[in-house]
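Below, each chain spelled out in residue letters.
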Amino acid sequence: MLKPLRQGLPPLDPAAVSDAASCALPARYEAVREARSFTRRTLDQWDVGERFDDICLVVSELVTNALRHAVPGEPERLTAPQTPAVRLHLMRWTERLVCAVRDPSHDTPVPRDSDDFSAESGRGLFLVDSFSDSWGWHPLAGTLSGKVVWALFRLRPAE
């Protein structure tokens, strides 16, 4: 079981964020497509270049995991827009980008050990680990309930 992680996430001064965007996502699986579209539009504006596909893939996995494992009920049966259950945050610094997905669960994200790479599910955190430079999670405090699962991407400096 993973303990709350912050290691691997270098100190990132919130005042030094050059760009930030977020969107609320409803508790239904169509939200994964919405998250990908939001991410593509945002990254296109930010011109992140070579990491574009990696970031979009990781966002899809983080949002899917939040909907599948952290949202009460069965998201596939929810079709009407509801109070947002998941929130996607994208934050860019000069040479780093962080994708963070906030969900209502306090449960620890648990990577599955599987040798079956042809399985259709159970590889989400393996993909997040493979395509991002680091990832982790931490519980929320204060008036916010749940946790944030994040992935960090190093970006090449603008030439």
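Look above for the structure.
Given the structure is predicted, the values throughout are model-derived calculations rather than measurements. (Residues numbered from 1 in each chain as written. Predicted model: local features only at pLDDT ≥ 70, side-chain atom pairs only at ≥ 80, totals over all residues. Heavy atoms only, no water.)

Draft legend 1. A look at the pattern of salt bridges. Under the criterion given, the structure shown has six salt bridges. Close ionic contact of R51 with D133 constitutes a salt bridge, the shortest N to O distance being 2.8 Å. Of this pair, R51 sits in the loop between α1 (30-46) and α2 (52-70) while D133 is found in the loop between α3 (124-131) and β4 (134-139), placing the two residues 82 residues apart along the sequence. Look at R51 and you get buried, because its relative accessible area is 11%. Put simply, R28, E30 and E34 are held in one network by salt bridges that share partners. (Salt bridge = Lys/Arg side-chain N within 4 Å of Asp/Glu carboxyl O. Helix = DSSP H or I, 4+ residues; strand = E, 2+ residues; numbered from the N terminus. Buried < 20%, exposed > 50% of the residue type's maximum accessible area, 1.4 Å probe, protein only.)

Draft legend 2. Looking closely at the packing of α1 against α2. Where α1 meets α2, the closest approach of the two axes is 9 Å, and the angle between their N-to-C directions is 150°. Of the possible angle classes, the one that applies to α1 and α2 is roughly antiparallel. Here the hand of the crossing between α1 and α2 comes out right-handed. On α2, the residues that touch A31, V32, A35, R36, T39, R40, L43 and D44 of α1 are F52, I55, C56, V59, S60, V63, T64 and L67. (Axes fitted to C-alpha atoms, helices over the stretch in contact; angles between N-to-C directions. Parallel < 35°, antiparallel > 145°, perpendicular 65-115°, else oblique. Left-handed = near helix turned anticlockwise from the far one by under 90°. Contact = heavy atoms within 4.5 Å.)

Draft legend 3. Focus on the packing of α2 against α3. Between α2 and α3, whose axes approach to 9 Å, the crossing angle comes to 150°. Classified by the interaxial angle, the pair formed by α2 and α3 is roughly antiparallel. The way α2 lies across α3 gives a crossing that is left-handed. Residues D54, L57, V58, E61, L62 and N65 of α2 lie in contact with α3, whose contacting residues are G124, L125, L127, V128 and F131.

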